[in-house]
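# Structural overview for review
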Amino acid sequence: MSTLKADTIQSTGGGVATLTKQVAAKMQYGISGSDAAIRQSLNVASTTDGGTGVYLVNVSSAFANQMDDSGLAIMTGGGTGFGRYAGAATTATVLSIRAHDQNGSAVDRECNGAAFGDLA
């Protein structure tokens, strides 16, 4: 068996290497519920607290299509409830999230998730 060790892998032209037959998250986030502060991230430029239970996650590198045309995973913490994306406000560069309690009312909640798909 051989071992390959590398710090950087590039294409033969010097650009980004293309991975085939693999799916990886192109954006991952963890934000606080009180002020949308970024706790952990991949490909996240900034976040915005848009009011009770309303958060915008702005990506550093745009997706090829609107993010909800790809795969999304959204989870909320801190009790029973759920998170969802707001399709009308979600674009190739902004993921709009809504957090709700078990009754469907908007609440400030920690939100975590990921988006899959092709980058532009």
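The structure this text deals with has already been given above.
Summary of the structure given here. (Residues numbered from 1 in each chain as written. Predicted model: local features only at pLDDT ≥ 70, side-chain atom pairs only at ≥ 80, totals over all residues. Heavy atoms only, no water.)

## Regarding the sheet that holds strand β4 (residues 54–59)
As a reminder, the rule being used: Paired strands, as defined in this entry, are two strands with at least two bridges between them according to DSSP. Starting at the N terminus, helices and strands are each numbered in turn, a helix being any DSSP run of H or I of at least four residues and a strand any DSSP run of E of at least two. Axes here refer to lines fitted to C-alpha atoms; in helices the fit is confined to the stretch in contact. Angles between the N-to-C directions go from 0 to 180 degrees.
Spatial strand order, β3-β4-β7-β6: four strands in an open sheet with antiparallel pairing. At either end of the open sheet lies a strand with only one pairing partner, and these are β3 (44–51) and β6 (81–85). When strand polarity is set aside, the average angle formed by the axes of neighbouring strands in this sheet is 20°. Where β4 meets strand β7 (residues 94–101), five bridges bridge the pair, whose relative direction is antiparallel. Of the residues in β7, the one forming a bridge with L56 is S96.

## Let's talk about the sheet that holds strand β2 (residues 38–42)
Within the open sheet, the four strands sit side by side as β2-β1-β8-β5. Their pairing is antiparallel. This sheet does not close on itself; its edge strands, each paired only once, are β2 and β5 (71–76). Within this sheet the neighbouring strands show an average axis-to-axis angle of 5°, counted without direction. Judged from the four bridges that link them, strand β1 (residues 25–31) and β2 form a sheet pairing that is antiparallel. Within β2, the position partnered with Q28 by the bridge is L42.

## A few points about the layout of surface pockets
To keep it simple, the criterion reads: Think of a 1 Å grid over just the protein atoms. A cavity is a set of points where a 1.4 Å probe fits yet cannot get out, a pocket is an open set with protein on both sides within 12 Å along at least five of seven lines, and lining residues have an atom within 4 Å of a point. Grid points are joined across faces, edges and corners, and a volume is the space filled by probe spheres set on the points.
Size it by volume and the largest pocket reaches roughly 240 Å³. In terms of lining, the largest pocket is formed by V16, A17, T18, L19, Q22, V23, A24, A25, K26, L42, N43 and L119.

## Structural notes on the environment of F116
Considering the arrangement of structural elements, one finds F116 in strand β8 (residues 111–116). Between the C-alpha atom of F116 and that of A24, which follows or precedes it by 92 residues, the distance is 6.6 Å.

## Considerations on the pattern of salt bridges
Stated precisely, the cut-off is as follows: Only one rule defines a salt bridge in this text: a Lys or Arg side-chain nitrogen within 4 Å of an Asp or Glu carboxyl oxygen. Working definition: with a 1.4 Å probe on protein chains only, accessible area under 20% of the residue-type maximum means buried, over 50% means exposed, and in between means partly exposed.
The final tally for this structure, using the stated rule, is one salt bridge. Here R39 makes a salt bridge to E110, at a shortest N to O gap of 3.6 Å. Of this pair, R39 sits in strand β2 while E110 sits in the loop between β7 and β8, placing them 71 residues apart in sequence. Note on E110: relative accessible area 31%, which makes it partly exposed.

Note that all results are geometric; they support no functional claim without further evidence.
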